[in-house]
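Chain residues, written in single-letter form:
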Amino acid sequence: MVQDSTKPAPGAAPAASARALLPTVVPALLVGVVTSLVLLGVSAAAGELQHALWQDLPDALGVGRYSVAWMFAMLTATGAAVGLVVWKVPGHAGPDPATTGLEAPVLPPAVLPGLLLVTALVLAGGPSLGPENPVIAVNVSLAVWFGARAFPATARRGWVALAEAGTIGALFGTPVAAALVISEALAGQRVRGKLWDSLFAPLAAAGAGALTTTLVSDPSFDLHLPPFGQPGWADLLASLVVASAGALLGMGAVYAFPYVHGAFRRLRHPMLMLPAGGVVLGALAALGGQLTLFKGLDEIAELAADPDGWTAGEFAVMTVVKLAAMLVAASCGFRGGRIFPSVFVGTALGLCAHALVPGVHPAVGVSAGVLGVLLAVTRQGWVSLFVAAVLVASPGMLTLLCLASLPAWLLVTGRPQMQLRPDGTAVR
C-alpha cells in the first residue's frame, strides 16, 4: 500500500507554516546585507592599506616591493602592530584564534573594534590567513547584540545562524555555500520539522549577503584553467591520488598545530609571540616568494593563469611554504581563517602533480588538491567539495570530486582537527 506523502510520518514534527516563516524574511535580509557590508568594508580598508604598504611605501623609499628585505621587514612589523593591538586594545582582539573556527563565539561589543583592526592589518600585512573567522565573529556578535534589542522574542541562536549564513554567502558570492555549511551543522542536531524550514531564514540571509557582495565587487572563484571535458579512468585515478595526498599533507599541519602553538605560547606575551611569528613568516616568504603571502586568492589566479610557468620543484616549495606559513600565522596569534590559504596550498599541490605527470589535467589536479587539503584543515565535507568544484567550471569534475573525497575522508575522519581547546589540546 502506498503511503500518502502529504501526511507527516508517525512521530515526525509538523512542517512550519508560511505564516511562521514569513516574519523571518525581513530580519534575515537585513542581517545578510549588513554582514556583507562589514566584510566588504574590512576588505576594502585592507586593500588600501596593502597598496600603501607594499607599493607606495617601498617605492617612496626606493626599496624593491617584494624584495626579501622588504617582505621580512613588513611581516615582522605586522606582527608588532597586531601584537600591540592585542596587548593594549580593550578585549585583546578576541580569544586565541587557534581555539576558534567558523562557528564563532558571541563577543562583547567592546572587543569588536580591535578584532576588526587586527583583521585588516593581517590581510594587508601579508600573513597567510583569510578574513572568514574574525569577520564571522564580528557579524555574529553584532547580529546578536542588535537583534536581541530589536526583536527580543527571537532566540539568540537564530541571530547566530543568520549572521553566519550571511557572512558565508558574502564570502563565496553564493548562498549555496552557506546552505551546505548549515546543513552539515544541523546533521548533528535534532531538527524540529522539515530541514528546509530550518534553512529558510539563513538561506535568505545568505542570499542577501551574496547578492550584496556580487553587486559591489563581482567575486569569481573560477580559475579559468584549461577546459576539462568528460572524465576518464586516468582522471579518476589522478583525482584519488592527489586528493589523498592533499589530505595527508593537511593532516601533517594538523598534527603539528598543537606543538607549534605551544612553542609560541611559551613566549607568554603578544608583543613577543606575534613579532616572533612575523620573523618566522618573513623567513618563509624569503624561501617561497611573494606568491606565498596574503590570504592567497589573487595568488592562485596568478598560478592558474600559467599552469606550466613553474617547475614541479617550485610548485612543491610554494605548497610546503604556504602550509607552513598558515600554520605559523594561526599558531602565534594572528587573527584570521584557514580556508583561503588552504585553497592556495591545494592549488599549488595540484599544479605540482601536473608538472610531475603531464597526463594529470591541471583542472583535475587543482580541484582534487584543494579538496584534500580542505577536508583535513576544515573537516567540512560539503564546503570542501563546493570550493573545489567552483574553481573549475566543469560538470564532469563533480563526479570525480565526490569519488575522490571518499579515500581522503577516510584519512582525516576521527583524527584531530586544526582547532585547539583553551588548554592547548586538539579538538577531535
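None of these values were measured; they are calculated from a predicted model.

### Quick word on helix α12 (residues 312-332)
Working step 1: The end-to-end C-alpha separation of α12 is 30 Å, in line with the 30 Å expected for 21 residues at 1.5 Å each.
Working step 2: In terms of burial, α12 is largely enclosed, as 15 of its 21 residues are buried.

### As for helix α3 (residues 68-88)
Each α-helix turn comprises 3.6 residues. Residues three or four places apart therefore point the same way.
Working step 1: Over its 21 residues, α3 extends 30 Å from the first C-alpha to the last, a length consistent with the 30 Å expected when each residue adds 1.5 Å.
Working step 2: Residues Trp70, Met71, Met74, Leu75, Thr78, Gly79, Val82, Gly83, Val85 and Val86 constitute the buried set of α3.
Working step 3: Lining the buried residues of α3 we find α2 (25-61), α4 (112-125) and α10 (270-288).

### Section: the packing of aromatic side chains
Working step 1: Counted by the stated rule, this structure contains 6 aromatic pairs.
Working step 2: Ring plane angle 50° and centroid distance 6.0 Å describe the contact between Phe172 and Phe340, whose orientation is recorded as tilted. Of this pair, Phe172 sits in helix α6 (residues 156-172) while Phe340 sits in helix α13 (residues 339-356); the two residues are 168 residues apart in sequence, bridging distant segments of the chain.
Working step 3: Looking at Phe340, the relative accessible area reads 3%, which means it is buried.
Working step 4: Relative to Phe386, the ring of Phe172 has its centre 5.9 Å away and its plane inclined at 90°; by these criteria the two rings are edge-to-face. Residue Phe172 is found in helix α6, and its partner Phe386 is found in helix α15 (residues 381-390); the two are separated by 214 residues along the sequence.
Working step 5: Phe172 sits in the buried class, given a relative accessible area of 8%.
Working step 6: An aromatic cluster is built from Trp54, Tyr66 and Phe294, whose rings are joined through pairwise contacts.
Working step 7: Seen from the ring of Trp87, Lys88 lies directly overhead, with NZ or CZ sitting 4.2 Å from the centre.
Working step 8: Over the ring of Phe344 we find Lys322; its NZ or CZ atom is 5.2 Å from the centre of that ring.

Conventions we followed
Residues numbered from 1 in each chain as written. Predicted model: local features only at pLDDT ≥ 70, side-chain atom pairs only at ≥ 80, totals over all residues. Heavy atoms only, no water. Helix = DSSP H or I, 4+ residues; strand = E, 2+ residues; numbered from the N terminus. Expected span 1.5 Å × (residues − 1). Buried < 20%, exposed > 50% of the residue type's maximum accessible area, 1.4 Å probe, protein only. Contact = heavy atoms within 4.5 Å. Phe/Tyr/Trp six-rings, centres within 6.5 Å; stacked < 30°, edge-to-face > 60°. Lys NZ or Arg CZ within 6 Å of the ring centre and 35° of its normal.

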